[in-house]
Amino acid sequence: VGSLTAKLTKTSVSADGIKWDHVRLEATLQNDGGMAIPSGTMLQGKLYQNATVLYYWLESANGIKAPKSQWTTGFNCSFRHGVSTTFTFVFLSIRGMTECKTTNNQASFAINEVALHQGVILRP
């Protein structure tokens, strides 16, 4: 995981008066290995909000085939305004391949609501 960012897309109020922040999370993956990833190879991962899994994902690796190439995937998420929230993106595996290193397979950060509402794109 080369980078993880969050950007506020809107704030809404539900019928019961609860305020919600909506963000776009984007994770950029990079092929740090020395060989190309074959066409049709599948990437697997999870996105957590605090300790809860929001998404399991399985997508084609076609965007990061060549060594040092990058690919960005994104998720739209929401959380209750004023509630401490941490997002963690975990890259799990490349089906059928062994990675050269796994220490870079996760990125995480706590939402700074003040900065978020000032229009800052958040990064870990």
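Structure first, text after, so check above.
Below, the structure is looked at part by part. These numbers were taken from a predicted model, which means no experiment stands behind them. (Residues numbered from 1 in each chain as written. Predicted model: local features only at pLDDT ≥ 70, side-chain atom pairs only at ≥ 80, totals over all residues. Heavy atoms only, no water.)

## Examining the overall build of the protein
Phase 1 of the analysis: A tally of helices and strands in the protein yields one helix and seven strands.
Phase 2 of the analysis: Ordered by position from N to C terminus, the α and β elements of the protein give β-β-β-β-β-β-β-α.
Phase 3 of the analysis: The principal-axis extents of the C-alpha atoms in the protein amount to approximately 50 × 25 × 20 Å.
Phase 4 of the analysis: Taken over 124 residues, the protein has a buried fraction of 36%.
Phase 5 of the analysis: Across the protein, contacts joining residues at least 24 apart in sequence account for 61% of those joining residues at least 6 apart.
Phase 6 of the analysis: About 6800 Å² of surface is accessible on the protein, with carbon and sulfur atoms providing 51% of the total.
Phase 7 of the analysis: Considering the protein, the positive charge centre built from 11 side chains and the negative charge centre built from 7 side chains are found 3 Å apart. (Helix = DSSP H or I, 4+ residues; strand = E, 2+ residues; numbered from the N terminus. Buried < 20%, exposed > 50% of the residue type's maximum accessible area, 1.4 Å probe, protein only. Contact = heavy atoms within 4.5 Å. Areas by Shrake-Rupley, 256 points an atom, 1.4 Å probe, with all protein chains shown as cover. Lys, Arg positive; Asp, Glu negative; His and termini not counted. Charge placed at Lys NZ, Arg CZ, Asp CG, Glu CD.)

## Description of the packing of aromatic side chains
Phase 1 of the analysis: For the coordinates displayed, the defined rule picks out five aromatic pairs.
Phase 2 of the analysis: When the centroid spacing of 6.1 Å and the interplanar angle of 70 degrees are considered together, the rings of F79 and F87 count as edge-to-face.
Phase 3 of the analysis: A relative accessible area of 1% places F79 in the buried class.
Phase 4 of the analysis: F87 sits in the buried class, given a relative accessible area of 0%.
Phase 5 of the analysis: In textbook terms, an aromatic cluster arises when at least three aromatic residues are bridged by ring pairs, as seen for Y55, W57, W71, F75 and F89. (Phe/Tyr/Trp six-rings, centres within 6.5 Å; stacked < 30°, edge-to-face > 60°.)

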